There are 4 protein chains.
Amino acid sequence: MSDTYDAIVIGGGVNGGSTAYNLAKRGKKVLLLEKDRLASKASGAAAGMLAAQAELDEDGPLFQLAKKSRDLFQGLAGEIKTLSGIDIELINKGMYKVALTNEQVKEYKQIISIQQKCGETVQWLTGDEVRSKEPNLSDAILGAMYIEKDGQVSAPQLTLGLLKSAAAIGVDIREYISVDSFLFESERVSGVVTNQGNFFSENIIVTTGAWSKRLLEDTGLQLETYPVKGECFSVVSHQPLLSGTIFSHGCYLVPKKGGRIIVGATVKPNTFNQQVTVDGISSLMDKAKKLMPSIAEAEWEKAWAGIRPQTFDGLPYLGEHPIYQGLFIATGHFRNGILLAPITGEVMADLVEKKQPSVDLTPFRINRTLKTLV
Amino acid sequence: MSDTYDAIVIGGGVNGGSTAYNLAKRGKKVLLLEKDRLASKASGAAAGMLAAQAELDEDGPLFQLAKKSRDLFQGLAGEIKTLSGIDIELINKGMYKVALTNEQVKEYKQIISIQQKCGETVQWLTGDEVRSKEPNLSDAILGAMYIEKDGQVSAPQLTLGLLKSAAAIGVDIREYISVDSFLFESERVSGVVTNQGNFFSENIIVTTGAWSKRLLEDTGLQLETYPVKGECFSVVSHQPLLSGTIFSHGCYLVPKKGGRIIVGATVKPNTFNQQVTVDGISSLMDKAKKLMPSIAEAEWEKAWAGIRPQTFDGLPYLGEHPIYQGLFIATGHFRNGILLAPITGEVMADLVEKKQPSVDLTPFRINRTLKTLV
Amino acid sequence: MSDTYDAIVIGGGVNGGSTAYNLAKRGKKVLLLEKDRLASKASGAAAGMLAAQAELDEDGPLFQLAKKSRDLFQGLAGEIKTLSGIDIELINKGMYKVALTNEQVKEYKQIISIQQKCGETVQWLTGDEVRSKEPNLSDAILGAMYIEKDGQVSAPQLTLGLLKSAAAIGVDIREYISVDSFLFESERVSGVVTNQGNFFSENIIVTTGAWSKRLLEDTGLQLETYPVKGECFSVVSHQPLLSGTIFSHGCYLVPKKGGRIIVGATVKPNTFNQQVTVDGISSLMDKAKKLMPSIAEAEWEKAWAGIRPQTFDGLPYLGEHPIYQGLFIATGHFRNGILLAPITGEVMADLVEKKQPSVDLTPFRINRTLKTLV
Amino acid sequence: MSDTYDAIVIGGGVNGGSTAYNLAKRGKKVLLLEKDRLASKASGAAAGMLAAQAELDEDGPLFQLAKKSRDLFQGLAGEIKTLSGIDIELINKGMYKVALTNEQVKEYKQIISIQQKCGETVQWLTGDEVRSKEPNLSDAILGAMYIEKDGQVSAPQLTLGLLKSAAAIGVDIREYISVDSFLFESERVSGVVTNQGNFFSENIIVTTGAWSKRLLEDTGLQLETYPVKGECFSVVSHQPLLSGTIFSHGCYLVPKKGGRIIVGATVKPNTFNQQVTVDGISSLMDKAKKLMPSIAEAEWEKAWAGIRPQTFDGLPYLGEHPIYQGLFIATGHFRNGILLAPITGEVMADLVEKKQPSVDLTPFRINRTLKTLV
């Protein structure tokens, strides 16, 4: 129990997996600790959209980060398949951000023009053009931004794929171990105290999603994050109802392998309660039927929820602890945890190695606050 | 494989279990054959209402049969608990058949007056009276028939309870055995042909629900039954939302142990497909929220469906085959399979024993047809 | 989130449920907080033996506590059934502590003579006498202590039954809320800090099993407990194989409703890992087959594990915090958590009410240590 | 319900899926009927070994058929991924047929020499050579045939992949429809009678595994097949324990994605009962621990069983009904159902199209019997 590691990653979700995997690829001896089961929280519950352009309307640091991350999926898919046998189910059939009101039509056309000026691939499709590509969609759809590069993956498979690939190249993964606090030597982290004894490393990376705030409080850090529940359900049909991903206000339809569709997601702030409510399912069903009436006949599969960490300014935290050296934090990814996982793993490994990350992390620094923004 | 039995029951559902149990209690050596798992079809899917008066508005043979059966539950609960350890979760907190329109108010008051003339315990409650007893119900409820004696049970536990009690007193239960056809000697049944060989008995009782029609076709019998799918879902809350059972057109709410509520059931005729559809859940949710708005906040548990056998005239078939002696049939119970199981088991055992049943079975005879009704 | 309660119970297991239930019966306004789902840890994993005499060979405070608790089950079963509809499946068909070696024969006969002197009902049965009562048991069994009063319950149903009964009489139960630390005013506890804000009460009862030690460390208390994993599996047969409970070194067989048998349990100290291993199942199967060869043909159902809190001296901790008033602790029940739950709830409610408990709690006090024993 | 199809495939398993898929690729309008859920029987239960050389020791028609089929997997994997998004998890890391006795060493070396004469790639590895490639294997292994080309797939994913790919190119798939009998016009099949009405086609292909015999009995055909239960279980570890597939007498270890291993399979003839027994798991565990001791520490996942159709001479039936034209049969694949699925689909499509199959089907003809062999 007194082993020393090059790095200890806390959290067996998608960002913990990506960080551990990147560190191991660089030859580090890594320990990953998960308090429950791997992929059992938000990472396993996500629908897996890679909505860089659909979700993030305007240019800015998060948009740039998201695009960089999106570009990494193709290569990562191959690596994970080779190392772990897991297919992350990357689908590159585009995303339709559909407009149901004239206001949305106007707004989306403006976004298109902005994105095109930035050099992004995006185009406007009329309602009929949308339906000619996706014949099951409703006549109520007035048109859509069509974003060719915004694909999707299986979030649970990506998460497990990263973790199991990390294990295959030497990461020591342990479940049911909860970290209670950190060990420090002067102003440097030196290990963690857990329910199974102490583990030692001069580099600790916290990737515990919505649970990060609490873990870091004892270090004098008040992350400005809060938990947001998202409920989803899935349906199945033999003949696929959909090819691309449908993104709208308050509801998205993400077609998975074998005719499965994930419908998500509600947004319920300030709760850690993972229960699915009648209301959550009922409201998603109403919206899904408005987008694609024939989903009414699809077979019900199941419902679930995840707790995502949102931040005060909507940007994730990616950086080193403002006081303690060697204590790194990656959280606050909200609805972009899957999309941002590849780049998160890369930049966190850079920070551990004291390399200059390929992205400017200043906007994501840990010690920014609401006050510094004012 | 060539054993001889006093009786062979085909079908491991609630009526098969009740029949086998009654026969074993009378000292018979019984074999029960189930093609799949016990309680895996309609019996395990039912919500378990004992709605003699709520479901069956008018007097008649089915009403009389239902009342007789309802009276047997209390005693049966004790026997099953003793023999198998299984609690059938009999709850006697009454049933509210609620009126949401003025037409229903009028109609239900008439039914009350008819039932009261027959000596039934039933009373009219105003909307406020209903809500004083069940405070979570909606203001949209204008009033209700309150039926004190219409309780409910756990349908899966009743089914397993009957079957396991039957096993405990000697019934030989075998799963995954499907009966293909019957053996006859002159005009008497002498056994069954199955995927595991032949079994012999001069008394065979068919209790295979919606699947009975097909099994009996080769005997020259055309039962006038058809399958009707019913979809249900369940929710849970810590504090119980409901005490009595709520019955309305197209939706009922059945409170189970530990704060669970079953919401049922759709009515989709002419299909054996047990899939639950988005539409089925969505429509039940809408109706349930109209009856009890606070169900919106309850925790989603799961959804399922069962295939129930309905007959041309709404009465079950209970009797002996018109051509072959010793071949008995109990099917066509539709939404009353749970309610009618105790009396079904009794009368089928009477028929096997050539005793006069306590109920006149003429209206339920096998060879009645649409034509004989005209 | 700033409500004040008469008492806050931390932990939604069997002892938390019992404590909350007893407090609510006494008119207290109670909040119960569970970090995960109700009954999701050791309480839901237990086999449910009430092995006062079989497990606890010699007289002493734990034996006395256990006997008192065992006597409470009958009454509790009725209360829980009435309030929550849940049947705790109390079975009073005795327990056989079987001897497989001559040494055990000698040892058990001595225990019998000691227990009889204390006035306990217990008798020796020869191997043949055991098999005449339980015909499926092995010829390898040389004899058994037969303990008439040591029955068993369904551990998950008892746990949920207590919790749901508590809810039915007003306890506010909340899941997915984890307590991080306590609030104090001078030397009295005044509330808890959780992931969902603060809750206030002058009486806090910690019933978090193996997780209690960590929670209390920040209060300066070092409970001398450690986690012990126990793995179990279950099988089913139609005809019941067993009537009474079979207790042996390293393996017990607990017959449940409907022909189900739970086989338990391994003893793996110093881990919080709830995974079941191949080795765990394999060794239990070998032992079970030695006790009852016909279990080999029973149907496999499933396997699971729970993490139980053991203490340095084998006695539970039941008492008030040595420094902070109003902070009560009930943990360290090891394999007797189910058996001791009724009395635990009673004495903890007594402590909160500052009543003299019916049992002398001195041997179970919080501040006893290994050193005080020396 | 009165549609006419080019072909109707009965059975939603791997061979039904492959047949429907091949027919649809050739432009046929196909209906596939499944009485339960897709992939719910033997196809979904298989471990997925492609053991052409390991399972089939000697040259002969089955060996040739198996090798042809094995060669089709690579291409099929790509097609299925494109059409359905499903990864069949084809792993080409070879198979070790391990020898635990000197007799086996001698026997396997002979088989190697025979196979090498036929031009097969196969080599002998000493125990140390085996362990240098698979370090977790036991010292008890004296050596192994190493078969480079005998890989493996996920049987459920292959089955669903074929079926969903078939659906994607137009096959009409319907679950919960059971075929009761056939319609004929003179000596040609013209349709099927089902629980949901009649469906018409001049080409009907029966791919209902162990259930085929019964379905065809009414056509005057007595297939000489019998059901054989196989039980399996699976374990998981983070670090993969195994790379290649281990094949031994009575036990194989098949490493799946993400560190999962399937251990199979028992051989229990003449039963349709899909229950897993204690004995089945226990005996597999003993054998698996002998092959790879460290599996004892792996995490238990689950157990299951499937019913496979074996024939009197060990060869599958592939051909046209001896009396009725247009009625085709593919069954009796026993433990080679997954391996043979690609070629089965091809030759059945050939038969429907009246093309000469690429394989001589004479040894697999329907009307061969035990007597014709004598």
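Our subject is the structure that appears above.
Since we're looking at a predicted model, the values are computed, not measured.

*Asks:* Pulling in residues and values, what's your account of the packing of helix 9 (residues 278–291) of chain C against helix 9 (residues 278–291) of chain D?
*Replies:* Running from N to C, helix 9 of chain C and helix 9 of chain D cross one another at 125°; their axes reach a closest spacing of 10 Å. The angle between helix 9 of chain C and helix 9 of chain D places the two elements in the oblique class. The way helix 9 of chain C lies across helix 9 of chain D gives a crossing that is left-handed. Touching Val278(C), Asp279(C), Ile281(C), Ser282(C), Met285(C), Asp286(C) and Lys289(C) of helix 9 of chain C are Val278(D), Asp279(D), Ile281(D), Ser282(D), Met285(D), Asp286(D) and Lys289(D), all from helix 9 of chain D. A breakdown of the residues in the contact of helix 9 of chain C with helix 9 of chain D according to their chemical character gives 6 nonpolar, 2 polar and 6 charged.

*Asks:* Could you give an account of helix 1 (residues 14–25) of chain B, with specific residues and numbers?
*Replies:* Under the 1.5 Å per step criterion, the end-to-end length of helix 1 of chain B is 16 Å for 12 residues, consistent within 8% with the ideal 16 Å. Across the 12 residues that make up helix 1 of chain B, a large majority, 11, are buried.

*Asks:* An account of the pattern of salt bridges is needed here, citing residue identities and associated values.
*Replies:* Counting across every chain of the model gives 88 salt bridges over all chains. Notably, a salt bridge pairs Lys25(A) with Glu79(A), separated by 2.9 Å at the nearest N-O pair. Of this pair, Lys25(A) sits in helix 1 (residues 14–25) while Glu79(A) is found in helix 4 (residues 61–84), placing the two residues 54 residues apart along the sequence. On the basis of relative accessibility, which here comes to 44%, the residue Lys25(A) falls in the partly exposed class. Residues Arg214(A) and Asp180(C) are paired through a salt bridge, measuring 2.9 Å at the closest nitrogen-oxygen approach.

*Asks:* Can you lay out the interface of chain D and chain B for me, pointing to particular residues and giving the numbers?
*Replies:* Across the boundary between the two partners, chain D contributes 14 residues, which contact 14 residues of chain B. On the chain D side of the interface with chain B, the three residues burying the most area are Tyr176(D), Arg214(D) and Phe272(D), jointly 39% of the side's total. Counting across the interface, chain D meets chain B through 2 salt bridges. Where chain D meets chain B, there are 6 residue pairs in polar contact (both at pLDDT 80 or more). In terms of residue class, the side of chain D that touches chain B is made up of 2 nonpolar, 7 polar and 5 charged.

Calculation rules
- Residues numbered from 1 in each chain as written.
- Chains lettered and ligands numbered in written order.
- Predicted model: local features only at pLDDT ≥ 70, side-chain atom pairs only at ≥ 80, totals over all residues.
- Heavy atoms only, no water.
- Axes fitted to C-alpha atoms, helices over the stretch in contact; angles between N-to-C directions.
- Helix = DSSP H or I, 4+ residues; strand = E, 2+ residues; numbered from the N terminus.
- Parallel < 35°, antiparallel > 145°, perpendicular 65-115°, else oblique.
- Left-handed = near helix turned anticlockwise from the far one by under 90°.
- Contact = heavy atoms within 4.5 Å.
- Nonpolar A, V, L, I, M, F, W, Y, C, P; charged D, E, K, R; others polar.
- Expected span 1.5 Å × (residues − 1).
- Buried < 20%, exposed > 50% of the residue type's maximum accessible area, 1.4 Å probe, protein only.
- Salt bridge = Lys/Arg side-chain N within 4 Å of Asp/Glu carboxyl O.
- Buried area = accessible area lost by both parts, 1.4 Å probe.
- Polar contact = N/O pair within 3.5 Å; in protein donor to acceptor, adjacent residues only side chain to side chain.

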